[in-house]
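As a plain string of letters, each chain reads:
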Amino acid sequence: MGNMSIVYHESSKTFHLYNEDVSYIMTVMRNGHLGQLYYGKRIRDRENFSHLLETCKRPMTSYVYDNDRTFSLEHVRQEYPVFGTTDYRQPAVEIRQENGSRISDFQYQGYQVRKGKPKLSGLPATYTENEKEAETLTVTLEDRVTKVRVKLLYTIFAESGALARSVQFVNGGEGPVYLSRAMSLSLDMPDHDYLWQQLSGCWARECHIHTRSLEPGIQSIGSMRGHSSHEHNPFLVLKRPSADERQGEAMGISLVYSGNFRIQAEVDAHDTLRVLAGIDPETFEWKLEPGEDFQTPEAVMVYTDRGLNHLSQTFHKLYRTRLARGYWRDRPRPILNNNWEATYFDFTQDRLIEIASRAKECGVELFVLDDGWFGERNNERAGLGDWRVNKKRLPKGVGFLAERIEGLGLQFGLWFEPEMVNRNSDFYRAHPDWILSTPGRHESHGRHQYVLDFSRKEVVDAIYEQMAKLLREAKISYIKWDMNRSITECYSAAWPADRQGEIYHRYILGVYSLYERLTTEFPKVLFESCASGGGRFDPGMLYYAPQGWVSDDSDAVERLKIQYGTSMCYPISSMGAHVSVTPNHQVYRNTPLHTRANVAYFGAFGYELDLNRLSEPERNEVKEQIAFMKKYREILQFGIFYRLKSPFEGNEAAWMVVSEDKKTALVGWYRILNCVNGSYTRVRLLGLNPEYCYRNARTGDCHFGDELMNVGLITSDETAGELPAGITPYTDFESRIYVLEVTKP
Ligand code: DGJ
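One structure accompanies this document, and this report is about it. Quantities reported herein were computed from a predicted structural model and do not represent experimental measurements. (Residues numbered from 1 in each chain as written. Predicted model: local features only at pLDDT ≥ 70, side-chain atom pairs only at ≥ 80, totals over all residues. Heavy atoms only, no water.)

### Focus: the pattern of salt bridges
Cut-off, in case you're wondering: We define a salt bridge as a side-chain nitrogen of Lys or Arg found within 4 Å of a carboxyl oxygen belonging to Asp or Glu. Each helix is a run of H or I in the DSSP string that is no shorter than four residues. Each strand is a run of E no shorter than two, and both are numbered from the N terminus. Each residue is assigned to one of three classes by its accessible area relative to the maximum for its type, calculated with a 1.4 Å probe on protein chains only: buried under 20%, partly exposed between the two thresholds, exposed over 50%.
Counted according to the given criterion, the structure contains 53 salt bridges. Here Lys41 and Asp305 are joined by a salt bridge, their closest N and O atoms 2.6 Å apart. Of the two residues, Lys41 is situated in strand S4 (residues 34-41) and Asp305 in the loop between strand S20 (298-304) and helix H1 (307-322); the sequence distance between them amounts to 264 residues. On the basis of relative accessible area, Lys41 is assigned to the partly exposed category, the value being 42%. Accessibility expressed as a relative area gives 28% for Asp305, which makes it partly exposed. Through salt bridges that share partners, Glu129, Glu133, Arg322, Arg329 and Asp330 make up one connected network.

Spelled out as structure tokens, the structure:
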């Protein structure tokens, strides 16, 4: 079997996309629509797969043809199903026409295969760096009545089990039509013997893994908040019940989008499964004038038969190297100190310099000034929108502070919340009509702030001008781009009544356009996305900002679950993770300093505290932590990550990274509550070379990779409640990092 190919068999009108891992097969059905035949492990190609298109004569069915009681859309698996013509499951597309009809009939017109992958205009998407990395198939369908053309795009990558999909609409007709549903992906599977796994939670408790079986009817996750949300990440896993981290079949579906979305699975009466992913149809309608086109966001599907770790590793690699972009993509991330939890709004220039000086002494590389440096921002009620310095706080300006920080030998980073405005700001006073707000209706606030109407170019331009000015004038190496409220009363004064359904999507397009302009003009600035923590931690953001603040909860124990869940889809280098003070500011828990670092090492590492407030021995420990991170961050952030023990399942958790050459591995082991006289414990490792002999830096002992992977790494305590002299007692929230380095490759 060869590498990657997109084959079209003319005699059976069948498409087969395959690489070494997966096959995706579809055909033109006898009614001219596109039918889904197979998605899964790579199978041998053949001229004709039409026997896979099962149909059946079933009572109480509506049929397409007069003399044929076998062909109903209700009972065939389709590629891009429409509303209302014999299929009663939820459709992928629905088009409202001028006469009120919602019926469409997309007939196959032709196809095109090209090397590489085209850009999606105005939208984030995976990309290739040379044409050999992928091939793209475009299948064109047309509705005879409206003359709307649908182009289904499928990109298959040579080196992974990933397929990227999206859809383009072109109105080739004479009058306008309204897209009321335009999903990015539809996937009909022949059975529903899967467990559904979603990443859900809320503010400060993001990305917890929830698992359930699929039942008849619809199960869905989504957002109608205007951002992808803390509540549900735009990511779904469907795994066979017997699959686990180490083995078995699973599919992941990830939407490269930051706005309102829906991912759903519908199980029908005959146990088939339809998965839909795309923009949330409830909050979307798009008017398409003759000659206009519309591009959906991209959805990425990954199939594996090698377990959930392999599924995640496929996403990690693709998203780290072919979704994230720019100068910082492949560079180890600077160790930063952010002042938010150290000072909140209570800081002066001198206090910041004090914090930064101490950070420098401990080895930190980047100092980040968070919220509060601009306008009249003395609390949450004022300032957003006025992106010029708050002279009371920083009398000599941002440029001066940046120079002082640079003078200390640190880089300087700055916080913005570009999409928001307080009523108490000059920006709002000058443009009160530039917020999203419905005429005659109450304007709800969130954190005393209002959402700027980013569907309007002039609004985005005005914010861009302010931010670009600062970035040109001051030496700013990093931007934390925050977003702290959801959208309400969504309506834009700039758009006509029949285009109000477009505003949520246009808003996100505006956010993307601002990101694109800033990252293009300032290519070396490291962007970190944030939305009250993980409120918009999604693949769309990763295209512009190679790292994001995973959660406002900085407690190490809470972070175990959050980072473990997030790792299902997102690479370690993308997860902002900081050491903060105890008692922790979110859960008031006291965890050992080493545990706080041991969790944060598996991320874009930093500190969220004032190091001056630590004791001398603690600061020495911090120095050691930073030296450790500098030594190993390339492996921690860019190595191959494995989940070993789930914090959702017991008192212990473990994960590890292995370098590409398998010569170094770092294992993070964590125990929530201490136990006296506890069990012997081991963790079976993954991804090592069985032939290599690894030295365990904690014990000095050497072990072959096969032993560590099959027998396991021993993690039991050497005491049972009675401490020999010289050993520090273990406490609750204990953790260890095991460094394993090859002695004999
Ligand atoms: C929410 C963020 O998640 C925090 O880290 C901090 O930047 C605050 N906003 C500042 O207002």
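That was the structure; now back to the text.
### Overview of the sheet that holds strand S27 (residues 526-529)
Our working rule: For two strands to pair, DSSP has to find at least two bridges joining them. Angles shown run from 0 to 180 degrees and are taken between the N-to-C directions of axes, each axis being a line fitted to C-alpha atoms and, for helices, limited to the stretch in contact. For this analysis, residues touch if any pair of their heavy atoms sits within 4.5 Å.
If you walk around this closed barrel you meet the 8 strands as S21-S22-S23-S26-S27-S28-S29-S30, and the pairing is parallel. Looking at each pair of strands side by side, their axes are set apart by 30 degrees on average, direction ignored. In the sheet, strand S22 (residues 366-369) pairs with strand S23 (residues 411-416) via 4 bridges, with the strands oriented parallel. Directly across from Leu366, in S23, lies its bridge partner Gln411. Of the strands in this sheet, strand S21 (336-338) and S22 touch helix H3 (residues 349-362), which is tilted by about 155 degrees from S22. Helix H9 (residues 556-566) contacts strand S28 (547-549) and strand S29 (575-580) of the sheet and is inclined by roughly 170 degrees relative to S29.

### Thoughts on the packing of aromatic side chains
Rules: Here the aromatic set is Phe, Tyr and Trp, taking the six-membered ring for Trp, and pairing holds for ring centres within 6.5 Å; pairs whose planes are under 30 degrees apart are stacked, those over 60 apart are edge-to-face, and all others are tilted.
In the structure shown here, the tally under the stated rule is 43 aromatic pairs. Between Tyr564 and Trp655, the ring centres sit 6.3 Å apart and the planes meet at 20 degrees, which makes this aromatic pair stacked. A residue pair is termed long-range when its members are at least 10 positions apart, and Tyr564 in helix H9 and Trp655 in strand S32 (residues 652-658) qualify at 91 residues. Between Phe641 and Trp655, the aromatic rings sit 5.9 Å apart at their centres with planes inclined by 55 degrees, giving tilted as the arrangement. Separated by 14 residues along the polypeptide, Phe641 in strand S31 (residues 640-645) and Trp655 in strand S32 bring together distant segments of the chain. Note on accessibility: Phe641 and Trp655 belong to one class, buried. Of the aromatic side chains, those joined through ring pairs into one cluster are Trp481, Tyr512, Tyr515, Phe527, Tyr543 and Tyr544.

### Focus on the sheet that holds S4
Spatial ordering of the open sheet is given by S1-S2-S3-S4, a layout of 4 strands whose pairing is antiparallel. Since the sheet does not close on itself, it has two edges, and those belong to strand S1 (5-9) and S4, each with one partner. If you compare each strand with its neighbour and ignore which way they point, the axes differ by 15 degrees on average. Examined bridge by bridge, S1 and strand S2 (residues 14-18) share 5 bridges and lie antiparallel to one another. Bridging from a neighbouring strand, Val7 pairs with His16 of S2.

### Quick look at the pairing of strand S26 (residues 478-481)
To keep things clear, this is the line we draw: A crossover counts as right-handed when, viewed with the strands pointing away from the observer, the path leading from the first strand over the helix to the second turns clockwise.
The alternating pattern of S26 places Tyr478 and Lys480 on one face and Ile479 and Trp481 on the opposite face, and all of these are buried. Two strands pair when backbone bridges link them, and S23 and S26 are joined in this way by 4 bridges, in the parallel orientation. For Trp415, the partnering residue across the bridge sits in S26 and is Lys480. At this point the chain moves from S26, through helix H7 (residues 503-521), to the parallel S27, and the crossover so formed is right-handed.

### Describing the site of the ligand
The condition is simple: Nearness is defined per residue: one heavy atom within 4 Å of the molecule or strand is enough. A 3.5 Å cut-off defines polar contacts: any pair of N or O atoms within that distance qualifies, except that in protein one atom must be a possible hydrogen donor and the other a possible acceptor, and neighbouring residues in sequence count only when both atoms are side-chain atoms. Each accessible area is a Shrake-Rupley result for a 1.4 Å probe, and residues are judged covered by the shown protein chains and nothing else. Following the grouping adopted for this structure description, the nonpolar residues are Ala, Val, Leu, Ile, Met, Phe, Trp, Tyr, Cys and Pro, the charged ones are Asp, Glu, Lys and Arg, and the polar ones are all others, Gly among them.
Near the ligand there are 13 residues, and of these Asp370, Asp371, Lys480, Asp482 and Asp552 occur at the shortest range. Asp482 has a polar side-chain atom sitting 2.7 Å from a nitrogen atom of the ligand. In the complex, the protein chains occlude 97% of the 290 Å² of accessible area that the ligand would expose alone. Partitioned by chemical class, the residues of the shell around the ligand number 4 nonpolar, 3 polar and 6 charged.

### A few points about the nonpolar core
In plain terms, the rule: The term nonpolar core refers to a set of buried residues drawn from Ala, Val, Leu, Ile, Met, Phe, Trp, Tyr and Cys, joined through side-chain atoms within 4.5 Å.
Phe169 and Trp373 are the most contacted members of the largest nonpolar core, which totals 199 residues. Tallying contributions element by element places H7 first for this core, with 9 residues. Leaving out residues up to four positions away in the same chain, Trp373 has contacts with Phe347, Trp387, Arg388, Val389, Asn390, Leu394, Val398, Leu414, Trp415, Phe416 and Leu470.

### Let's talk about the environment of Leu673
Of note, Leu673 is situated in the loop between strand S33 (664-671) and strand S34 (682-683). Since its relative accessible area comes to 45%, Leu673 is described here as partly exposed. A C-alpha to C-alpha distance of 7.8 Å links Leu673 and Glu734, two positions 61 residues apart in sequence.

### Quick look at the pairing of strand S9 (residues 162-171)
For S9, a buried count of 9 out of 10 residues is recorded, marking the element as mostly surrounded by other parts of the structure. The sheet contact formed by strand S8 (residues 148-157) and S9 spans 9 bridges and is antiparallel. Paired with Thr155 across the two strands is Ala164, which belongs to S9. Counting the residues between successive antiparallel strands, the hairpin from S8 to S9 contains 4 residues. Two elements, S9 and S20, share 4 bridges in a ladder whose sense is antiparallel. Each residue of the ladder has a partner; that of Arg165, found in S20, is Ala299. As paired elements, S9 and strand S19 (residues 293-295) share 3 bridges and run antiparallel to each other. When the sheet's bridge partners are listed, Phe169 is paired in S19 with Phe294.

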